[in-house]
Amino acid sequence: MIDYIYFKFRRLVKLLEYLVDKAIRSRLKNIITKNKLPIVIGPWTGEVGPELQYWIPFLIKLKNSHYFDGHRLIVLSRGGVEQWYSNITNEYIEIFSLVDVKEFNEIVSEGGGAKKQVKPTKGELKLIQKSMDMVGVGDYKNLHPGIMWREVLQWFNGDRSLTWLRQKIDFSLFLSAPPKYKDIVDGLDLPKKYFAVKFYSSNLLPENEVVNNFITKIISLLTKKYPVVLFSIEGIDDHNSIQFDSGTNNKVINISDSLTPSNNLGIQTEIINRSQGFFGTYGGFSILPAFVEKPSFSFCIMHWTNAKHHYFYHLHESVTTSIFDSFKQKYQVLDINTVDFIQESIL
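Source: prediction; values computed, not measured. (Residues numbered from 1 in each chain as written. Predicted model: local features only at pLDDT ≥ 70, side-chain atom pairs only at ≥ 80, totals over all residues. Heavy atoms only, no water.)

Caption draft 1: View of the environment of Asn 105. Tracing the backbone shows Asn 105 in helix α3 (residues 101–109). Look at Asn 105 and you get partly exposed, because its relative accessible area is 28%. (Helix = DSSP H or I, 4+ residues; strand = E, 2+ residues; numbered from the N terminus. Buried < 20%, exposed > 50% of the residue type's maximum accessible area, 1.4 Å probe, protein only.)

Caption draft 2: Spatial organisation of the side chain of Glu 270. Tracing the sequence through the fold places Glu 270 in helix α9 (residues 264–274). With residues near it in sequence (within four places) discarded, Glu 270 still touches Ala 177, Tyr 181, Lys 182, Val 185 and Tyr 194. (Contact = heavy atoms within 4.5 Å.)

Caption draft 3: Fine view of the sheet that holds strand β4 (residues 141–143). An order of β3-β2-β1-β4 is seen for the 4 strands of this open sheet, with the pairing classed as parallel. Unpaired on one side and paired on the other, β3 (92–94) and β4 mark the two borders of the sheet. Direction aside, the axes of adjacent strands within the sheet are offset by 25° on average. Note: strand β1 (residues 39–41) against strand β2 (residues 73–77), 3 bridges, orientation parallel. (Pairing = 2+ DSSP bridges. Axes fitted to C-alpha atoms, helices over the stretch in contact; angles between N-to-C directions.)

Caption draft 4: The arrangement of the sheet that holds strand β6 (residues 228–230) in detail. With parallel pairing, the 6 strands of this open sheet are ordered in space as β7-β6-β5-β8-β9-β10. Two strands lie at the open edges of the sheet, namely β7 (252–254) and β10 (331–335), each paired on one side alone. For this sheet, the mean angle separating the axes of adjacent strands, direction not counted, is 20°. The pairing of strand β8 (residues 278–281) with strand β9 (residues 296–300) spans 4 bridges and is classified as parallel. Across the sheet, Phe 279 pairs through a bridge with Phe 297, a residue of β9.

Caption draft 5: Examining the packing of helix α7 (residues 179–187) against α9 more closely. One way to put it is that α7 packs onto α9 with a least axis distance of 9 Å and a crossing angle of 65°. The chirality of how α7 crosses α9 is right-handed. Residues Tyr 181, Lys 182, Ile 184, Val 185 and Asp 186 of α7 touch α9, and the partners they reach there are Gly 266, Ile 267, Glu 270, Ile 271 and Arg 274. In the contact of α7 with α9, the residues fall into 5 nonpolar, 1 polar and 4 charged. (Left-handed = near helix turned anticlockwise from the far one by under 90°. Nonpolar A, V, L, I, M, F, W, Y, C, P; charged D, E, K, R; others polar.)

Caption draft 6: Here's a closer look at the environment of Ile 253. Inspection of the secondary structure assignment puts Ile 253 in strand β7. Ile 253 sits in the partly exposed class, given a relative accessible area of 25%. A C-alpha to C-alpha distance of 4.7 Å links Ile 253 and Val 229, two positions 24 residues apart in sequence.

Caption draft 7: Layout of the pattern of salt bridges. Throughout the structure, instances matching the rule amount to 7 salt bridges. Linking Lys 102 and Glu 106 is a salt bridge whose minimum nitrogen-to-oxygen distance equals 2.7 Å. Here Lys 102 pairs with Glu 106, and both are found in helix α3, just 4 residues apart, close to one helical turn. According to the relative accessible area criterion, Glu 106 is partly exposed, its value standing at 39%. Of the charged contacts, one joins Arg 274 and Asp 186 as a salt bridge, the two residues approaching to 2.7 Å between their closest N and O atoms. (Salt bridge = Lys/Arg side-chain N within 4 Å of Asp/Glu carboxyl O.)

Caption draft 8: How the structure looks around the nonpolar core. Judged by nonpolar contacts, the single largest core of 66 residues is most densely connected at Trp 84, Tyr 85 and Ile 271. Here this core gets 9 residues from one element, more than from any other, and that element is helix α2 (residues 48–64). Setting aside chain neighbours within four positions, we find Ile 271 in contact with Val 185, Leu 188, Leu 190, Tyr 194, Ala 196, Val 229, Phe 231 and Ile 255. Among the nonpolar cores identified, the runner-up in size contains 21 residues, and Phe 199, Phe 214, Ile 215 and Leu 222 belong to it. (Core = buried A, V, L, I, M, F, W, Y, C linked by side-chain atoms within 4.5 Å.)

Written out as structure tokens, the structure is:
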């Protein structure tokens, strides 16, 4: 009897899963294939991690599945990330060409502090219209990140497997950087070989004396092999750079003054692309090196304040590991107490 009830229950679950999938795909087809109007993709105003892990791979899967055939695609994002979308379209509109940082942060805050763009806000809709006015497009459709989150959240909630998620996303290496970012990095006159380094404060790597001392030590170790190129930009999100003492180390090169809201991610991508590898805070940014075929070593304090943090850490890590494995690149998340390991095994 119990087996029979379980069998019926599983059939019901499978039916509900099928109906949810069908509803989402029907919504997608309605947005995309009903007619051949231009499609505005975005705006993406969220964090780097989900953009690289889920949003862009979701779009690439749609393109590879011929959903976008015959459509003009226009991406709306921030930070000079046109290279990130290069496998999807060459039409990119920079959000910071439309609004300043204050206005951008006001749009982000409309979501009530939620980091997932589940549905368009008034500010996002105004941003879309402003971008279309700028390029002279009258009628258009919008593919908002919310449609992606409706699928991915099923996995977050434990209702779907990683195998199921992998069927919804495709990973592709970035194409070559736009000439303007190459020219900027050329002008920085960086060494031929260097490590790219970015440490910022987060829940998993808070700024305090212990962390600051660790960063000072890791910078000292890294510069024994190659110079270090540091970069950071303040005020765009809640991740501020961690201040530490690099002393009189002339092998530490800080290029942060070359970064602006509209170009910072584009420049950082090209700097990582030319580097020997990335070292920095564990988080979304530490995924970026995979897409330019570079190794990534990120650091945190490995303690969990609750089971939820531990659960989501493993969820995100399963996807991140898949990305680095896809491109055959080394990826490690390390506790800050592993400096000796770094010295012995990495350097």
